[in-house]
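Structural characterization, general
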Amino acid sequence: MENYVIEFKNYVKKFKNTKIGPLNFQVEKGKTTAILGASGSGKSVVIKTMIGAISNFDGEVKVCGYSKKKRKAHLANKDISFYTQMDFSLYEMNVVTYLKNMCIVLGVNKKSINHKVDYWLDFFDLKKDAHKKIKNFSWGMQNRLSLILSLIKDTDVIILDEPGANLDSSWRNKMRNLLIDYKNRGRTIIITSHNIDEINDLIDYYVVLEKGKLVFTGTKLDLNMYAKYKMYFYEKFDYESFQKFLSGKNIKAFKYDELENSIVFATNSTKEINWIFLYLIKETTPILNLVKLPVNMDSIYKALEDNNDYQKEVTQIFQNAVPDKKSLKLAEKLEKKAKKEMEQQNLEIEDKKYYKTLENSNFSKPIENIESKELNALEDIKDKKEANNN
Ligand SMILES: Nc1ncnc2c1ncn2[C@@H]1O[C@H](COP(=O)(O)OP(=O)(O)OP(=O)(O)O)[C@@H](O)[C@H]1O
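Residues numbered from 1 in each chain as written. Predicted model: local features only at pLDDT ≥ 70, side-chain atom pairs only at ≥ 80, totals over all residues. Heavy atoms only, no water.

Locating Thr49 in the fold gives a position in helix α1 (residues 43–51). Overall, Thr49 belongs to the buried group, its relative accessible area being 0%. Once residues lying within four places of it in the same chain are set aside, the contact partners of Thr49 are Phe8, Tyr11, Ile54, Phe57, Val61 and Lys68. (Helix = DSSP H or I, 4+ residues; strand = E, 2+ residues; numbered from the N terminus. Buried < 20%, exposed > 50% of the residue type's maximum accessible area, 1.4 Å probe, protein only. Contact = heavy atoms within 4.5 Å.)

It is worth spelling out the packing of aromatic side chains at this point. Under the definition given, this model contains 21 aromatic pairs. Pairing Tyr11 with Phe57 gives two aromatic rings, centres 5.1 Å apart and planes at 45 degrees, and the pair type is tilted. With Tyr11 in strand β1 (residues 4–14) and Phe57 in the loop between α1 and β4 (58–63), this pair connects stretches of sequence that are 46 residues apart. As far as the burial class goes, Tyr11 and Phe57 line up, both buried. Grouped by ring-pair contacts, the aromatic residues Phe233, Phe237, Tyr239, Phe242, Phe245, Tyr256 and Tyr279 constitute a single cluster. Geometry around Phe245 places Lys249 over its ring, the cationic atom sitting 4.9 Å from the centre. (Phe/Tyr/Trp six-rings, centres within 6.5 Å; stacked < 30°, edge-to-face > 60°. Lys NZ or Arg CZ within 6 Å of the ring centre and 35° of its normal.)

In the vicinity of the ligand, the contacting residues are Phe15, Thr18, Ile20, Ala38, Ser39, Gly40, Ser41, Gly42, Lys43, Ser44, Val45 and His194. Ser39 places a side-chain nitrogen or oxygen 2.5 Å from an oxygen atom of the ligand. Contact between the ligand and Ser44: an oxygen atom at 2.7 Å from a side-chain N or O atom of the residue. A total of 630 Å² of accessible area belongs to the ligand in isolation, and the protein chains cover 58% of it. Looking at which element gives the most residues to the shell around the ligand, the answer is α1, with three residues. For the shell around the ligand, the class distribution of residues is four nonpolar, seven polar and one charged. (Near = heavy atom within 4 Å. Polar contact = N/O pair within 3.5 Å; in protein donor to acceptor, adjacent residues only side chain to side chain. Areas by Shrake-Rupley, 256 points an atom, 1.4 Å probe, with all protein chains shown as cover. Nonpolar A, V, L, I, M, F, W, Y, C, P; charged D, E, K, R; others polar.)

Before going further, it helps to spend a moment on the sheet that holds strand β12 (residues 251–257). Ordered by their spatial adjacency, four strands build an open sheet running β12-β13-β11-β14, and the pairing between neighbours is antiparallel. Each edge of the sheet is formed by a strand with only one pairing partner; in this case those strands are β12 and β14 (287–292). Taken over all neighbouring pairs, the strand axes of this sheet differ in orientation by 20 degrees on average, direction set aside. Across six bridges, the pairing between β12 and strand β13 (residues 262–267) is antiparallel. Residue pairing in the sheet places Ile251 in a bridge with Thr267 of β13. In the packing of helix α8 (residues 239–246) onto the sheet, the strands contacted are β12 and β13, and the crossing angle to β12 comes to about 175 degrees. With respect to the sheet, helix α9 (residues 273–282) is in contact with β11 (227–233), β12, β13 and β14, its orientation differing from that of β11 by roughly 15 degrees. (Pairing = 2+ DSSP bridges. Axes fitted to C-alpha atoms, helices over the stretch in contact; angles between N-to-C directions.)

Moving on, we get to the domain arrangement of the chain. One can read the domain layout of the chain as domain 1 (4–88 + 148–223), domain 2 (227–294) and domain 3 (299–389). Contacts between domain 1 and domain 3 engage 12 residues on the former and five residues on the latter. Roughly 570 Å² of surface becomes buried between domain 1 and domain 3 when both sides are summed, with 71% attributable to carbon and sulfur atoms. Where domain 1 touches domain 3, the interface holds zero salt bridges. Those elements that provide at least two residues to the side of domain 1 that touches domain 3 are β3 (32–37), β9 (205–210), β10 (213–219) and α7 (220–223). In terms of residue count, the dominant contributor to the side of domain 1 that touches domain 3 is β9 (four residues). Tallied by class, residues from the side of domain 1 that touches domain 3 come to nine nonpolar, one polar and two charged. (Domains from an automatic or database assignment. Buried area = accessible area lost by both parts, 1.4 Å probe. Salt bridge = Lys/Arg side-chain N within 4 Å of Asp/Glu carboxyl O.)

So, about the nonpolar core. In this structure, Val95, Leu99, Trp120, Leu121, Phe124, Tyr206 and Ile300 are the most contacted members of the largest nonpolar core, which totals 52 residues. For this core, the leading source of residues is helix α4 (residues 139–151), giving six residues. Each of domain 1 (4–88 + 148–223) and domain 3 (299–389) gives at least three residues to this core. Contacts of Phe124, omitting those with residues within four sequence positions, involve Arg144, Leu147, Ile148, Leu151, Trp171 and Met175. In this structure, Phe8, Ile20, Ile51 and Leu209 belong to the second largest nonpolar core, which totals 25 residues. (Core = buried A, V, L, I, M, F, W, Y, C linked by side-chain atoms within 4.5 Å.)

By the secondary structure assignment, Val207 is in strand β9. For Val207, a relative accessible area of 2% gives the class buried. Ignoring anything within four residues of it in the chain, the contact list for Val207 reads Phe25, Thr33, Ala34, Ile35, Leu36, Leu214, Phe216 and Thr217.

Here the focus is the sheet that holds β1. Spatially, four strands are ordered β2-β1-β4-β5 in an open sheet, and the strand pairing comes out antiparallel. At either end of the open sheet lies a strand with only one pairing partner, and these are β2 (19–28) and β5 (66–67). Bridge count for β1 against β2 is seven bridges, and the pairing is antiparallel. Directly across from Lys13, in β2, lies its bridge partner Ile20. On top of the sheet, α1 reaches β1, β2 and β4; it is set at about 120 degrees to β1, its chief contact.

What follows is the structure, encoded as structure tokens:
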């Protein structure tokens, strides 16, 4: 059985002034694939090609086993649903009549039409407006109607082009929960969104475009994206010793803003944040606020930049037959990086030790198996506690 629902091979679409491609990527069955990129990068062109709205292109595109260039290309659409924001401002019909007609066009089993229309109108809170003319619907209501159109066919593959646009946060949240449910049921989701942060935890594969070119395809692990946090303090912060503390930990500190007394740091494992708290306890530095910065295209491009730098370093080393001083230095750097990755793999074991330490933090028994720095931190607290009691 074919594991890929969609395949793009050497795909190129040329417009008068723009070229999209060459693109090579696959969408795996049962996974959530996000097509991401800045405005104008080519996301909609890719999606329009998937659904057959663009058919004149170079290369090969297969959807659900059907080549998009062959005579039977349209048959792929029976197995997929598609969402895009539609404009219903000229529709005189009421929503029930419209949806029932559309169910027939979409090939929904006749016996289930009434039940499905009723279910989805209820789900998107449009039942009370069921007999209004669609042209009188607000933008948000029209958007919910577009969503019903993409869900009512109930297919295993769903393509969503900016499903959150024009929806308020509570509807976006409801839509997100629906996608989680689809994902848990093994459905294939292809999604584009400018609010990456809202869907980032659902994404299995990233297809990242930049100015029509494919700049990345792969998993979250391949992307190695660090989550960024901003921490605010009451008073001046000793950034230098903080940076020293971070060496050997899987945390990067980006900058210290002296004006607002804030630091930005990043990590690819949320567990690592515990080190920061341990440091702050040691330094008795109270925090004012901690904010997780949203994932956006900048974070993704930054992760790609970091990955590219790393790749360049590796290539450089292997291209130099006789290692010079610079290459040796790079080799040393890479060795350190590899060591760090090993440490990351051992993180769970480290974490267990760390939590054990916290459990023991009543200081009634000796603390074993703990790094001396962290031991010192806890000892300091113990001293302070005792001083207070005296
Ligand atoms: N029919 C068309 N004729 C000419 N150029 C087009 C056509 N469709 C798309 N393009 C061009 O292709 C490029 C990619 O457009 P596309 O709509 O795919 O961007 P996008 O990534 O979906 O952007 P957004 O996030 O703003 O929707 C743009 O430069 C656009 O002008």
